[in-house]
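One-letter residues, chain by chain:
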Amino acid sequence: MKKSVLFVLFALISVAGFSQITGWNAKVGMNFSNYTGDLDLNAKVGFKLGGGFEYAFNDTWSLQPSLFLASKGAKKDGNSINAMYLELPVMAAARFNVADNTNLVVNAGPYFACGIAGKQKIDLGNDTERKVDTFGDDALKRFDAGLGVGVALEFGRIIAGLDGQFGLVDVQKFGNPKNMNFSIIVGYKF
């Protein structure tokens, strides 16, 4: 994971020499997360909070790295997985002007994430439950990575969009579960 993060940071610094930062943004949103694979779980609602900046290559193409704190997980029959991740998506974006002061932005790219906290709630019956750490030796793996896609409308400085993340890393030793996440995002450009 350290090599992946260092590679992304090196790539961002290299790109900075050929482009310019055109602005910063802050975003907040609501997540709908679950796991793909052999697990039969239901989606869980969570949050996403963070911000980023934009490297513009020209009026259409840009690179949008961000840093988010995101809650993910799943639930079923009184059991739940609550996982907090620190995410680093690095999205390539195309911006199209659709009206005065209104742009459509389509983006895609990789994301890298590290699990930082969380608890699993296990229903033992008879109104008894047990809570265990979400990440650890016998629980979920901390590292996650995958592909992200999104579409957003920019109304002046206001951003409203939809994002999706499709994990490529098994986050558990059995069942082949991968994170899957959809977000509704609002933000502001500085």
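Residues numbered from 1 in each chain as written. Predicted model: local features only at pLDDT ≥ 70, side-chain atom pairs only at ≥ 80, totals over all residues. Heavy atoms only, no water.

> Quick one: what's the story with the overall build of the protein, residue by residue and with numbers?
Regarding its fold elements, the protein presents one helix and 10 strands. Listing the helices and strands of the protein from first to last along the sequence gives α-β-β-β-β-β-β-β-β-β-β. Computed over the C-alpha atoms, the radius of gyration of the protein is 18 Å, within 12% of the 16 Å expected from 2.2 N^0.38 for a compact globule of 190 residues. Relative to its full complement of 190 residues, the protein shows a buried share of 42%. Relative to all contacts within the protein whose residues are 6 or more apart in sequence, the contacts with residues 24 or more apart total 60%. Of the roughly 10,500 Å² of accessible surface on the protein, 63% is carried by carbon and sulfur atoms. For the protein, the distance from the average position of its 19 positive side-chain charges to the average position of its 17 negative side-chain charges is 4 Å. (Helix = DSSP H or I, 4+ residues; strand = E, 2+ residues; numbered from the N terminus. Rg over C-alpha atoms; globule rule 2.2 N^0.38 Å. Buried < 20%, exposed > 50% of the residue type's maximum accessible area, 1.4 Å probe, protein only. Contact = heavy atoms within 4.5 Å. Areas by Shrake-Rupley, 256 points an atom, 1.4 Å probe, with all protein chains shown as cover. Lys, Arg positive; Asp, Glu negative; His and termini not counted. Charge placed at Lys NZ, Arg CZ, Asp CG, Glu CD.)

> Would you mind going over the environment of Ser80 in detail, with residue names and values included?
For Ser80, the location among the structural elements is in strand S4 (residues 79-99). Ser80 gets classed as buried once you look at its relative accessible area, which sits at 14%. Distance from Ser80 to Thr134, taken between C-alpha atoms, is 10.0 Å for residues 54 residues apart in sequence. Other than its neighbours up to four places away in sequence, Ser80 contacts Ala74, Lys75, Lys119, Gln120 and Lys121.

> Explain the side chain of Asp144 to me, and be specific about the residues and the numbers.
You can see Asp144 is positioned in strand S8 (residues 143-155). Here Asp144 occupies a buried position and makes no salt bridge, while the nearest side chain of opposite charge, Lys72, is found at 4.1 Å. (Salt bridge = Lys/Arg side-chain N within 4 Å of Asp/Glu carboxyl O.)

> Requested: an account of the nonpolar core, with residues and values cited.
Taken as a class, soluble globular proteins show a tendency for nonpolar side chains to be buried jointly. With 10 residues, the main nonpolar core is built from Tyr35, Ala74, Ile81, Ala83, Tyr85, Tyr111, Ala113, Phe135, Leu140 and Val171. For this core, the element with the most residues is S4, which contributes three residues. In this view, Phe135 contacts Ala83, Met84, Tyr85, Gly115, Ile116, Ala117, Leu140, Lys141 and Arg142; residues no more than four positions away in its chain are not counted. Among the nonpolar cores identified, the runner-up in size contains five residues, and Phe53, Tyr55, Leu63 and Val90 belong to it. (Core = buried A, V, L, I, M, F, W, Y, C linked by side-chain atoms within 4.5 Å.)

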